Amino acid sequence: MIKVLFFAQLREQLQCSELMVAEANAKTIAQLRDFLIAQHPQWTDFLSNEKLLIALNQTVVKISQTVQPGDEVAFFPPVTGG
Amino acid sequence: MISIQQNDFNLGDEYAALVAADTAAGAVVTFVGRVRDVNLGHEVKGLHLEHYPGMTEKALQEIVAQAQLRWQILRWRIIHRVGDLQLGDNIVFVGVSSAHREDAFHAVEFLMDYLKTRAPFWKKELTANGSVWLDSQEKDQRAVKRWE
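So, here's what we can say about the structure. (Residues numbered from 1 in each chain as written. Chains lettered and ligands numbered in written order. Predicted model: local features only at pLDDT ≥ 70, side-chain atom pairs only at ≥ 80, totals over all residues. Heavy atoms only, no water.)

1. Brief notes about unusual backbone geometry
Residues and elements named next belong to chain A. Our working definition: Under the scheme used here, helices are H or I runs from DSSP no shorter than 4 residues and strands are E runs no shorter than 2 residues, and both carry numbers assigned from the N terminus. Only protein chains enter the accessibility calculation, which uses a 1.4 Å probe; a residue whose area is less than 20% of its type maximum is buried, one above 50% is exposed, and one in between is partly exposed.
Of note, the phi angle at A8 is positive, near 55°, even though the residue is not glycine. Tracing the backbone shows A8 in helix α1 (residues 8-14). According to the relative accessible area criterion, A8 is buried, its value standing at 1%. In this structure, N57 is a non-glycine residue whose phi angle is positive, near 50°.

What follows is the structure, given as structure tokens:
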């Protein structure tokens, strides 16, 4: 399974903070996003936002990155701490 | 050491820890970020801070490692608060000790610039018209570019 996390405004927009996806549904993060959109059409605009950042196992990566069973993938808006 | 916490911090205690039993530290620079009453022209009532547990600490460790490659740092400390904060509350502490002031000044500025653009924290502003997530700012992106 792949653990998927959402944070901040995106978490509120999707009304979801965490879910699990079977690895058979996605070889890359781009495919994972497409799978999530297919399962939840109401998420389309929010997950298509070009500004979103993606982290794989807590490191920021490109959406073309491949995923493995046990991976943690997070989607979130640009950061605003400090 | 990195701490992500709801509780406030005490500047005096943090300064004392940065210099305790260390006579090589000729300079200590500390920065405190606070909740301000006006942001981008509108009145602010408070802030809610969210973070990504685990990645936050990892991102900050990487930022510190980069600073240590550039400057002579003796001791360092980062504290970032999360949860609900009121006007005037402390948000973030960054402290660095070094033999000389140049290293300490530069390292703290570098750590803050990278913290603001790389560490996964998000601010939600509470205003008279409800709460709204803040957008990242171009000025913060420009600030971090000067170190490239």
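The discussion continues.
2. What about the sheet that holds strand β5 (residues 46-51) of chain B?
Residues and elements named next belong to chain B. Rules: Being paired, for any two strands, means DSSP has found at least two bridges between them. Helix axes use the C-alpha atoms of the stretch in contact, all axes being lines fitted to C-alpha atoms, and the angles between their N-to-C directions lie in the range 0 to 180 degrees.
In space, the four strands of this open sheet follow the order β7-β5-β9-β10, with antiparallel pairing throughout. The two strands at the open ends of the sheet, each matched to only one other strand, are β7 (83-86) and β10 (130-133). In this sheet, adjacent strand axes meet at a mean angle of 25° when their direction is disregarded. Two elements, β5 and β7, share four bridges in a ladder whose sense is antiparallel. Its bridge partner being in β7, G46 is matched across the sheet by Q86.

3. Digging into the interface of chain A and chain B
Test applied: Any pair of residues with heavy atoms lying within 4.5 Å of one another is described as a contacting pair. Accessible area that two parts lose when put together, evaluated with a 1.4 Å probe and summed over both, is termed the buried area. Any carboxyl oxygen of Asp or Glu within 4 Å of a side-chain nitrogen of Lys or Arg constitutes a salt bridge here. Any N or O atom pair separated by 3.5 Å or less is treated as a polar contact, with the protein-specific requirement of one donor-capable and one acceptor-capable atom, and with residues adjacent in sequence counted only for side-chain atom pairs. Under the grouping applied here, Gly and all other residues not named as nonpolar or charged are polar, the nonpolar ones being Ala, Val, Leu, Ile, Met, Phe, Trp, Tyr, Cys and Pro and the charged ones Asp, Glu, Lys and Arg.
At the junction of the two partners, chain A supplies 20 residues and chain B supplies 25 residues. Carbon and sulfur atoms supply 55% of the area buried between chain A and chain B, which totals about 1800 Å² over both sides. Inspection of the region where chain A meets chain B yields two salt bridges. With a closest N to O distance of 2.6 Å, K124(B) and E12(A) form a salt bridge. There are 16 residue pairs in polar contact (both at pLDDT 80 or more) connecting chain A and chain B. For the side of chain A that touches chain B, the secondary-structure elements that each account for two or more residues are α1, β4 (59-60) and β5 (72-76) of chain A. Tallied by class, residues from the side of chain A that touches chain B come to 10 nonpolar, seven polar and three charged.

4. Examining the packing of helix α2 (residues 55-70) of chain B against helix α3 (residues 101-118) of chain B
Axes are the key here: two packed helices are described by the angle between their axes and the distance separating the axes. All names here are of chain B. Formally: Here is the rule for angles: anything less than 35 degrees is roughly parallel, anything more than 145 is roughly antiparallel, 65 through 115 is roughly perpendicular, and the remaining ranges are oblique. Two helices crossing with the near one rotated counterclockwise from the far one by less than a right angle form a left-handed crossing, whereas a clockwise rotation gives a right-handed crossing.
At a closest axis distance of 10 Å, the pairing of α2 and α3 adopts a crossing angle of 150°. By the angle between their axes, α2 is roughly antiparallel relative to α3. The hand of the α2/α3 crossing is right-handed. In contact with A59, L60, I63, V64, Q66, A67 and R70 of α2, α3 contributes F110, L111, Y114, L115 and R118. Here the contact of α2 with α3 is built from residues that sort into nine nonpolar, one polar and two charged.

5. Some words on α3(B)
Side chains three or four residues apart in an α-helix point the same way, a direct result of the helix having 3.6 residues per turn. All names here are of chain B. The cut-off we apply is this: The span one expects for a helix is its residue count, reduced by one, times 1.5 Å.
For α3, built from 18 residues, the straight-helix expectation of 26 Å at 1.5 Å per residue is met to within 8% by its first-to-last C-alpha distance of 25 Å. Those residues of α3 that fall on the buried side of the exposure criterion are D103, A104, A107, V108, F110, L111, M112, D113, Y114, L115 and T117. On the buried face of α3, the contacting elements are β2 (27-34), α2, β6 (75-81), β8 (90-98) and α4 (138-145).

6. Thoughts on the packing of aromatic side chains
Put simply, the test is: Pairing of aromatic rings covers Phe, Tyr and Trp, the last counted by its six-membered ring, and requires centre-to-centre distances within 6.5 Å; plane angles under 30 degrees mean stacked, over 60 mean edge-to-face, and any other angle means tilted.
Evaluation of the coordinates by the stated rule reveals 12 aromatic pairs over all chains. Ring geometry for F7(A) against F76(A): centres 6.4 Å apart, planes inclined by 70°, an arrangement best described as edge-to-face. One end of the pair, F7(A), is in the loop between β1 (2-6) and α1; the other, F76(A), is in strand β5, with 69 residues separating them in the sequence. Summarising the burial analysis for this pair, F7(A) and F76(A) share the class buried. Through a chain of ring-to-ring contacts, the aromatic side chains of F7(A), F76(A), Y52(B) and W122(B) assemble into a single cluster.

7. Focus: the side chain of S3(B)
Residues and elements named next belong to chain B. Position of S3 among the secondary structure elements: in strand β1 (residues 2-5). Exposure remark for S3: the relative accessible area of 13% places this residue in the buried category. Residues in contact with S3, not counting those within four places in the same chain, are R77, I78, I79 and H80.

Nothing here speaks to function; it is geometry throughout.
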